[in-house]
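Architecture at a glance
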Amino acid sequence: MFSWKKKFNLSGSEKTADSKTENKQKPPKLTSNKSSDNANSIDEHRKKSIQPSSQTVVPVTSSAGISKNIETNTSSNSAKQDNTLANNEDAINNTYDNPNDISMAGLSINSSNNQNTSSPADPTSNAQQSGSSGILTLKIYSGDGFALPFPLVYNPQLLTRLLNSSANKQPSNKLEELNSLMENLRLNNQLEDPHSIPGHIATKFVPSTITLPGSKNLNPLIYFTVEFDNTAATIQPESGTMDHPVFNKISTFDVTRKLKHLRIDVFCRIPSILISQSLINNAGNNETLQKVINNQDVHLLTFDLPLNLEDYTFNSVRLFNHKWVQLGENGCRLNITVDYKPSVNKKLTIDDFELLKVIGKGSFGKVMQVKKKDTQKIYALKALRKAYIVNNSEIVHTLAERTVLARIDCPFIVPLKFSFQSKEKLYLVLALINGGELFYHLQREGRFSLSRSRFYTAELLVALESLHAMNIVYRDLKPENILLDYQGHIALCDFGLCKLDMKKDDKTATFCGTPEYLAPELLVGHGYTRVVDWWTLGVLLYEMLTGLPPYYDNDVPKMYKKILQDPLRFPDGFDEDAKDLLIKLLNRDPAKRLGANGSSEIKKHPFFSQLSWKRLVLKGYIPPYKPSVEGNLDTSNFDSEFTSERPVDSVVNDFLSESVQKQFGGWTYVGNEQLDSTQG
Ligand SMILES: Nc1ncnc2c1ncn2[C@@H]1O[C@H](COP(=O)(O)OP(=O)(O)OP(=O)(O)O)[C@@H](O)[C@H]1O
């Protein structure tokens, strides 16, 4: 019987005993009922990444040989990486603080790269690298013209209760007005169902927030999210009707990339008691009604509010002044004010953040949910202990992670907002992605449907494509490194195994990745190109569709043998297009693998024929699954083992020499600019 494991680092050469204890294996977040139905028993371990070792693996001949190679690798890793570090020191000192050309530790990404590689389908084209940061303030007063795409139950008794339960009492004649309107519609034969109020009429009478029978809390029936650079705020009404909600809310966003839009998504949250029984009985495959029946939020519309921030580097500006903004063609509008205030690139410290919860642990430190004190925005803060990084010869990779995160601008990659450092630690402030790891959802559900797997694969393809466009190979795709945002879109995280400066046919031989996901050419140790990422995409798609990676075995050496030799097997009834795509992605010959000539050949595969890539890149598809997320403060999708811990930035007293400290210069990031290394 297979056991499905969370995938972890196998070789521990880069970890001290201390860091290992910090890098606890996570217990399952849920004991999975569904999984027990599954033929595969699911156990709670993560898949471990093998950290880069500069020594390549000798071609595999026998399972005993394989495990020996890995051990050899592990023990020789440190020495070799120290060497790499020494070689890189000069490069670091010479290059890393040029603000226009971020070259650190021998890794170089020119900022112009980003623009040169943009293509119409390239999400990087949304960025303006003009080089200043600021604060965007959005005031939302009220909305108008919101309608529901389905009717609500016509039950005067229930409606009376709801009208009386709203935040501000509705006028007493509201129900009489509704009754006479319904009577008129009935007389004119305009009522499809006498027990239901048409959606566009219902919203004029139903309050925007109600107290449900049996509950004491006010529930919004309509709300929206505002999202800028993957940081979202939920805006709930305080009064008014669904058709005319009153918000009176302010939300601020840190601007470190001058994106051209602020995204607004409107949702409704209709309790199923507001739907007539006949509608429930006839819901069939109607996705919207199925969502309502299952108490899920329904997405009503998306609107991109255009912003022109690039013109304002020094002066504050009011971009919209109490303006009614039409949200597309459907007559809905919002009354808003938008201000932008450029800020001086101020050096941040940990004191600029309130620490809220621990949400995860990595090899070199922990990840916390934090609130930035000035804008009140919630972020994920990854704190890394410098001494661990140095002791484990991970400076190059840590700087690479920071560089990739700062440069990349893809909707499906978790964006870096800021980075700063103290004498002992490095800090990364990232958009908080709180829908849970894909691993967590896959673990709960056993496998995903075809359309859901297709959606995640497509968004990941775009993420990998944008990395490749910047000559970065990712090397560690797996469900553990993929987060879902509050809407259910993909956000790729953990860039510790990325390799920079990998042009199309460039080869590297570093042995790293995660056993279940290793490409055959990496295993045999003859060097590999960025095409390894397309192999891992195939493994991931297979794992999502079946519940296990294709060549899975509890015994790692056996698994390596299978990766190199076994035929690819599919369960009965497997979708033909998915099968064909997998056969092509999991081609053992990297030169013949789909993607060897660029991502576009994967995008053209019939598996994706129904998909518009343009729309997908704009996050234009509603995700097939919306995680349960109640705003930015919600940490319910994180392991309680972490969230129950007291959030502290532990005091450490590590001494690092001046020359070692110097290697972390250029770490600081407050927008598109780096601060001087003397400032950190
Ligand atoms: N931006 C984020 N939003 C929400 N959670 C995050 C974010 N970044 C990381 N996490 C959580 O913190 C955990 C650890 O983060 P991450 O994987 O980046 O650390 P790491 O040190 O690189 O880990 P590893 O040792 O596995 O390489 C992740 O598994 C994830 O659950």
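What counts and how
Residues numbered from 1 in each chain as written. Predicted model: local features only at pLDDT ≥ 70, side-chain atom pairs only at ≥ 80, totals over all residues. Helix = DSSP H or I, 4+ residues; strand = E, 2+ residues; numbered from the N terminus. Buried ≥ 20, exposed ≤ 12 C-beta atoms within 10 Å, placed from the backbone. Expected span 1.5 Å × (residues − 1). UniProt positions renumbered as here; feature names shortened; annotations may be inferred. Pairing = 2+ DSSP bridges. Domains from an automatic or database assignment. Axes fitted to C-alpha atoms, helices over the stretch in contact; angles between N-to-C directions. Left-handed = near helix turned anticlockwise from the far one by under 90°. Contact = placed C-beta atoms within 7 Å. Nonpolar A, V, L, I, M, F, W, Y, C, P; charged D, E, K, R; others polar. Arc of directions from axis to C-beta. Near = placed C-beta within 6 Å. pLDDT = per-residue confidence, 0-100. Core = buried A, V, L, I, M, F, W, Y, C linked by C-beta atoms within 7 Å.

Right, let's get into the overall build of the protein chain. Looking only at helices and strands, the protein chain features 21 helices and 26 strands. Taken over 680 residues, the protein chain has a buried fraction of 48%.

This brings us to the environment of D580. When you line up the elements, D580 lands in helix 17 (residues 576–585). By C-beta crowding, D580 is classed as partly exposed, having 14 other C-beta atoms within 10 Å. With 27 residues separating them along the chain, D580 and F607 place their C-alpha atoms 8.3 Å apart.

This next bit is on helix 6 (residues 174–187). For helix 6, with 14 residues, the first-to-last C-alpha span of 20 Å sits near the 20 Å given by 1.5 Å per residue. Of all 14 residues that make up helix 6, 1 are buried, and the element is exposed over most of its length. After helix 6 finishes, the residue N189 shows a positive phi value of roughly 55 degrees.

Turning our attention to unusual backbone geometry. For H322, which is not a glycine, the phi torsion comes out positive at approximately 45 degrees. Following the sequence through the fold, H322 ends up in strand 17 (residues 317–326). With phi around 65 degrees, Q376 is a residue other than glycine that occupies positive phi space. Considering the arrangement of structural elements, one finds Q376 in the loop between strand 20 (366–372) and strand 21 (378–385). Its 13 C-beta neighbours within 10 Å are what place Q376 among the partly exposed residues.

Before going further, it helps to examine the UniProt feature "domain: Protein kinase" (unreviewed entry) in the protein chain. The UniProt feature table records "domain: Protein kinase" (unreviewed entry) at residues 353–608. Segment residues 353–608 splits into 36% helix and 18% strand. End C-alpha atoms: 43 Å apart.

With that settled, consider the pairing of strand 14 (residues 245–255). Of the strand pairs in this sheet, strand 6 (residues 133–144) and strand 14 are connected by 8 bridges, and their pairing is antiparallel. The residue bridging G134 from the neighbouring strand is V255, located in strand 14. Two elements, strand 13 (residues 239–240) and strand 14, share 2 bridges in a ladder whose sense is antiparallel. Paired with G240 across the two strands is P245, which belongs to strand 14. Between the antiparallel neighbours strand 13 and strand 14 lie 4 residues.

Glancing now at the domain arrangement of the protein chain. The parts lose accessible area when they come together, and the size of an interface is often stated as this lost area. Assigned domains of the protein chain: these are domain 1 (134–342), domain 2 (350–433 + 638–663) and domain 3 (436–618). Of note, the centres of domain 1 and domain 3, computed from C-alpha atoms alone, are 38 Å apart.

Right, let's get into the sheet that holds strand 20. Overall, antiparallel pairing links the 5 strands, which are arranged 19-20-21-23-22 in an open sheet. In this open sheet, the two strands that pair with only one neighbour each are strand 19 (353–361) and strand 22 (416–421). In this sheet, neighbouring strand axes are inclined to one another by 25 degrees on average, regardless of whether the strands run parallel or antiparallel. Sheet analysis places strand 22 next to strand 23 (residues 425–431), joined by 5 bridges and oriented antiparallel. Bridge pairing links L416 to L430 in strand 23.

Between helix 5 (residues 156–165) and helix 6, the least distance of the axes is 10 Å, while the angle of their chain directions is 145 degrees. Like other packed secondary-structure pairs, helix 5 and helix 6 cross with a definite hand, here right-handed. Facing helix 5, whose interface residues are P156, L159, T160 and L163, helix 6 presents K174, L175 and N179. A class-by-class count of the residues in the contact of helix 5 with helix 6 yields 4 nonpolar, 2 polar and 1 charged.

Taken in spatial order, the 5 strands make up an open sheet running 13-14-6-18-17, and their pairing is antiparallel. The open sheet has two edge strands with one neighbour each: strand 13 and strand 17.

A separate point is helix 16 (residues 556–565). Residues M559, Y560 and I563 constitute the buried set of helix 16. End-on view of helix 16: buried residues confined to an arc of 100 degrees, all on one side of the axis.

It is worth spelling out the site of the ligand at this point. If you check the shell around the ligand, you find 21 residues, and the closest are G360, G362, S363, V367 and A380. Listed by contribution, the elements that provide at least two residues to the shell around the ligand are strand 19, strand 21 and strand 23. Of the residues belonging to the shell around the ligand, the class tally is 11 nonpolar, 7 polar and 3 charged.

Right, let's get into the confidence of the model for the protein chain. Mean pLDDT over the protein chain works out to 79, with 79% of the residues at or above the 70 mark. The model gives residues 9–44 a pLDDT under 50, and that stretch makes 80 contacts with residues more than four places away or in other chains. Counting interchain partners and residues more than four positions distant, the pLDDT-below-50 stretch residues 673–680 has 25 contacts. ipTM for the predicted complex: 0.97, alongside a pTM of 0.76.

Right, let's get into the UniProt feature "binding site: ATP" (unreviewed entry) in the protein chain. If you check UniProt for "binding site: ATP" (unreviewed entry), the listed places come out as K382 in our numbering. Along the chain, K382 turns up in strand 21. The class for K382 is buried, based on 25 C-beta atoms found within 10 Å. Residues in contact with K382, not counting those within four places in the same chain, are G362, G365, V367, L428 and L430.

Okay, the nonpolar core next. Counting 114 residues, the largest nonpolar core has L381, L460, A463 and L492 as its most contacted members. Here this core spans two domains, since at least three of its residues come from each of domain 2 (350–433 + 638–663) and domain 3 (436–618). L381 has contacts with F353, V367, M368, V370, Y427 and V429, leaving out every residue within four places of it along the chain. Listed in part, the 50 residues of the second largest apolar core include L163, A202, F205 and Y340.

Turning to the packing of helix 15 (residues 532–546) against helix 17, a few remarks are in order. Helix packing for two helices is described by the angle between their axes and how far apart those axes are. At a minimum axis distance of 8 Å, the contact between helix 15 and helix 17 shows a crossing angle of 145 degrees. Seen from above, helix 15 lies across helix 17 with left-handed handedness. Where helix 15 approaches helix 17, its residues W534, W535, L537, G538, L541, Y542 and L545 are matched on the opposing element by A578, L582 and L585. For the contact of helix 15 with helix 17, the class distribution of residues is 9 nonpolar, 1 polar and no charged.

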